Amino acid sequence: MLAEELTKLVDDCLNLRCELNTVELKKAAGGTPKRLYDTLSSFSNQTGGGIIVFGIDEENNYEICGVYDPQDLQAKVTEQANQMEPVVRPLFTVAQINGQTVVSAEISECDVYEKPCYYKGAGRMRGSFVRVGDADLPMTEYEIYNYEVYRRKIQDELRWIPEGIGANLNQAKLNFFLGKIRLEKPNFTNLSDQDVLTLCGLFRESKPTLAGLILFGLYPQANFPGFDITAVTVPGYKIGNTAADGARFLDNKRIGGTIPDLLEGALAFVHRNIKVRTIIADNGRRADKPEYPIKAIREIILNALIHRDYSCHTESSPIRIMFYTDRLEVENPGGLYGRSTLDNLGKSGADTRNPAIAAALEVLIDTENRFSGIPTIRYEMEAAGLPEPVFKSSRGAFSATLYNKMPDNITMDGIDIEERLLRFCLNPKTREELARELNLSSVSYMMSRYINPLLESGRLKMTIPDKPKSRKQKYYKE
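**Student:** I'm lost on the environment of Ile-56 in this one. Help?
**Tutor:** Tracing the sequence through the fold places Ile-56 in strand E3 (residues 56–57). Overall, the relative accessible area of 2% leaves Ile-56 in the buried class. In this structure, the C-alpha to C-alpha distance between Ile-56 and Ile-229, residues 173 residues apart in sequence, is 49 Å.

Shown next, in the form of structure tokens:
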């Protein structure tokens, strides 16, 4: 970071009167803050890292108070950074602002194989933190486990299942799978059934794995009741809204069975609750148009079933399908896995949490398993003239949201949203600042729905046009 960039960052913080998800303010007028471990950990663990700015008194109306000694401050911050695992290497910048010395420490995101970054004095379980808004919160045991799973290549889908339930498999489905996979993979032709199932990760030492049970069990939820789907239709825009007769849900279903059963049951629920318009085509024929493209919904549900977390931490956590008046939400336990991020979602090959399940479903229900699900969802929504899907991954859960209409002439406080944004961007603003201005929790939805169209039309400009995805990117109106 250049001194000019630090000066601009301080100006933005003073104008906003708040910290950001990527910016932490510290006073440091009387000495180096004693405990920076929480922020060093959370910034190292989050995508894109973050910046600590020393010399701003947040409690005194964000006064620029300056630091006591920039040289000693850098040395003492480095001492604390050396007590992290892995060691954190801050990049310091010093600037003079209004006669005061301000220092920034840029904290880079650590490699996914080294996460979580934690304070060695507290240990991994108590010294790992995550950034939520402007706060550093302790990681849960489950969040830490998610990193362990990837680093140690733990496959929960291959774990042992309770003794004595192997006989509860559907032999007809197993025979269908074995017959079909031998046709598709000639190398399996001369192998025994047990050898084929073992090579596919469905059996271990003649006993079914968890993957084998949830794909071929007579009723997997007898042993794992949370590996199911709960589906509801809400008469409004949020949980708690009620219908005229006081009903909280217009439809409410718990769906059980194997993964193919869950997919079929979920789609039956969707068909029962989705609104359908009848239109007359140019040739005079009638055609039904659902409020959401069915193909997109199928891909979302299938992705949730394949990529959800099947560890012991989520045995009581079902996949949730929620119809609201304006949107459809599907949420599954387990955030993005491995090196996947929201930015590269659907744009490149992703790490797969449950490869045995994914491979078996290619045979059972002809899934593609070619990382085409997210692009298909986006394409289907665009073809239907609907907003881009909104994906979120946070604190151990992943969700996909489809909106059922393209909003037009939306206003806030009586002002057209685009006009509001243009007025707000008379001074350059970050993505987070724009989302906060519109009171939107999803930055990706805000970008696709509002900011990108303004950029394409030339009404908004980027401060770093050659690096459109830079975390330092800002947007302004000329």
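**Student:** For this particular structure, what's the right way to read the side chain of Gln-221?
**Tutor:** When you line up the elements, Gln-221 lands in the loop between helix H8 (210–216) and strand E13 (229–233). Judged by relative accessible area, Gln-221 falls into the buried class, the value being 6%. Reaching out from Gln-221, the side chain makes a polar contact with the backbone oxygen of Phe-227 at a distance of 2.6 Å. In contact with Gln-221, not counting residues within four places along its chain, are Phe-227, Asp-228, Gly-256, Gly-257 and Leu-262.

**Student:** What should I look at first to understand the pairing of strand E10 (residues 135–138) in this one?
**Tutor:** A regular strand places its side chains on the two faces of the sheet in alternate fashion. Bridge count for strand E9 (residues 129–132) against E10 is 4 bridges, and the pairing is antiparallel. Along E10, the bridge assignment pairs Val-132 with Ala-135. Linking two consecutive strands that pair antiparallel, namely E9 and E10, is a turn of 2 residues; a positive phi of about 65 degrees is found at Gly-133 within it.

**Student:** So what exactly am I meant to see when it comes to the pattern of salt bridges here?
**Tutor:** Opposite charge on two side chains permits pairing when their charged atoms draw close. This model, assessed by the stated rule, comprises 25 salt bridges. When the shortest N-O distance is used, the salt bridge between Asp-136 and Arg-131 registers 2.8 Å. For the pair Asp-136 and Arg-131, one class covers both residues: buried. Close ionic contact of Asp-251 with Arg-272 constitutes a salt bridge, the shortest N to O distance being 2.9 Å.

**Student:** Just to check I follow, could you spell out the sheet that holds strand E2 (residues 50–54) for this structure?
**Tutor:** Pairing between the strands of a sheet is mediated by backbone hydrogen bonds and can be parallel or antiparallel. Spatial ordering of the open sheet is given by E1-E2-E7-E6, a layout of 4 strands whose pairing is mixed. Both edges of this open sheet fall to strand E1 (23–26) and strand E6 (91–97), since each of them pairs with a single strand only. Taken pair by pair, the neighbouring strands of this sheet meet at an average axis angle of 20 degrees, ignoring direction. Both E2 and strand E7 (residues 100–107) contribute to a ladder of 5 bridges, which runs antiparallel. Note that in E7 the partner of Ile-51 across the bridge is Glu-106. Sheet strands touched by helix H1 (residues 3–16): E1, E2, E6 and E7. Its angle to E6, the strand with the most contacts, is close to 70 degrees.

**Student:** Is there a simple way to explain helix H11 (residues 355–364) in this structure?
**Tutor:** The α-helix winds at 3.6 residues per turn, so residues separated by three or four positions along the chain end up facing the same way. For H11, the tally of buried residues reaches 7 of 10 residues, placing the bulk of the element in the interior. Among the residues making up H11, those that are buried are Ala-356, Ile-357, Ala-358, Ala-360, Leu-361, Val-363 and Leu-364. Residues of H11 that are buried in the fold lie against helix H6 (171–184), H8, helix H9 (259–273) and helix H10 (294–307). Just downstream of H11 lies Asp-366, where phi reads positive at about 60 degrees.

**Student:** Even after reading the chapter, I still don't get the packing of H9 against H10, so can you show me in this structure?
**Tutor:** Relative placement of two packed helices is described by the angle separating their axes and the distance separating the axes. Contact geometry of H9 with H10 gives a least axis separation of 10 Å together with a crossing angle of 145 degrees. The hand of the H9/H10 crossing is right-handed. Across from Ile-259, Leu-262, Leu-263, Ala-266, Leu-267, Val-270 and His-271 in H9, the residues of H10 making contact are Ile-294, Ile-297, Arg-298, Ile-301, Leu-302 and Leu-305. Per-class residue counts for the contact of H9 with H10 are 11 nonpolar, 1 polar and 1 charged.

**Student:** I'm lost on the packing of aromatic side chains in this one. Help?
**Tutor:** To describe a pair of aromatic rings, one takes the distance between the centres and the angle between the planes. Summed over the entire model, instances satisfying the criterion amount to 9 aromatic pairs. With a centroid separation of 5.1 Å and an interplanar angle of 85 degrees, the aromatic rings of Phe-227 and Tyr-310 are classed as edge-to-face. Residue Phe-227 is found in the loop between H8 and E13, and its partner Tyr-310 is found in the loop between H10 and strand E17 (319–323); the two are separated by 83 residues along the sequence. Accessibility classification places Phe-227 together with Tyr-310 in one group, the buried group.

**Student:** Would you mind showing me how to read the sheet that holds E13 here?
**Tutor:** Read across the sheet, 6 strands follow the order E14-E13-E17-E18-E20-E19 without closing on themselves; strand pairing throughout is mixed. Strands with a single pairing partner mark the edges of an open sheet, and in this sheet they are strand E14 (251–255) and strand E19 (390–394). This sheet shows a mean twist of 10 degrees between the axes of neighbouring strands, independent of strand direction. Where E13 lies against E14, 5 bridges are found, and the strand directions are antiparallel. Its bridge partner being in E14, Ala-231 is matched across the sheet by Lys-253. Sheet strands in contact with H9 are E13, E14 and E17, and its direction is about 170 degrees off that of E14.

**Student:** What's the story with the nonpolar core in this structure? I'm lost.
**Tutor:** Generally speaking, soluble globular proteins have nonpolar side chains that are buried together. The biggest cluster of nonpolar side chains holds 61 residues, and the ones touching the most others in it are Phe-177, Leu-202, Ile-301 and Leu-402. The greatest single-element share of this core, amounting to 8 residues, is contributed by H10. Each residue touching Leu-402, except ones within four places of it in the same chain, is listed here: Tyr-292, Ala-296, Ile-297, Ile-300, Asp-326, Arg-327, Leu-328, Ile-377, Met-381 and Pro-389. In terms of nonpolar packing, the next biggest core, distinct from the first, is built from 21 residues, Ala-81, Met-84, Cys-117 and Ala-122 among them.

**Student:** Which parts of the structure should I look at to understand empty space enclosed by the protein?
**Tutor:** Empty space among the atoms becomes apparent when a probe as large as a water molecule is rolled across them. Across all of its chains, the model carries 1 cavity of 30 Å³ or more by this definition. Its boundaries defined by the atoms lining it, the largest cavity holds a volume of some 40 Å³. Contributing to the lining of the largest cavity are Asn-146, Val-149, Asp-156, Asp-309, Tyr-337 and Arg-353. Considered class by class, the residues forming the lining of the largest cavity number 2 nonpolar, 1 polar and 3 charged.

Thresholds, definitions, all that
- Residues numbered from 1 in each chain as written.
- Predicted model: local features only at pLDDT ≥ 70, side-chain atom pairs only at ≥ 80, totals over all residues.
- Heavy atoms only, no water.
- Helix = DSSP H or I, 4+ residues; strand = E, 2+ residues; numbered from the N terminus.
- Buried < 20%, exposed > 50% of the residue type's maximum accessible area, 1.4 Å probe, protein only.
- Polar contact = N/O pair within 3.5 Å; in protein donor to acceptor, adjacent residues only side chain to side chain.
- Contact = heavy atoms within 4.5 Å.
- Pairing = 2+ DSSP bridges.
- Salt bridge = Lys/Arg side-chain N within 4 Å of Asp/Glu carboxyl O.
- Axes fitted to C-alpha atoms, helices over the stretch in contact; angles between N-to-C directions.
- Left-handed = near helix turned anticlockwise from the far one by under 90°.
- Nonpolar A, V, L, I, M, F, W, Y, C, P; charged D, E, K, R; others polar.
- Phe/Tyr/Trp six-rings, centres within 6.5 Å; stacked < 30°, edge-to-face > 60°.
- Core = buried A, V, L, I, M, F, W, Y, C linked by side-chain atoms within 4.5 Å.
- 1 Å grid on protein atoms, 1.4 Å probe; cavity = no way out; pocket = protein on both sides within 12 Å on 5 of 7 lines; lining within 4 Å.
- Points joined across faces, edges and corners; volume = space filled by probe spheres on them.

Shape descriptors only; they carry no functional weight alone.
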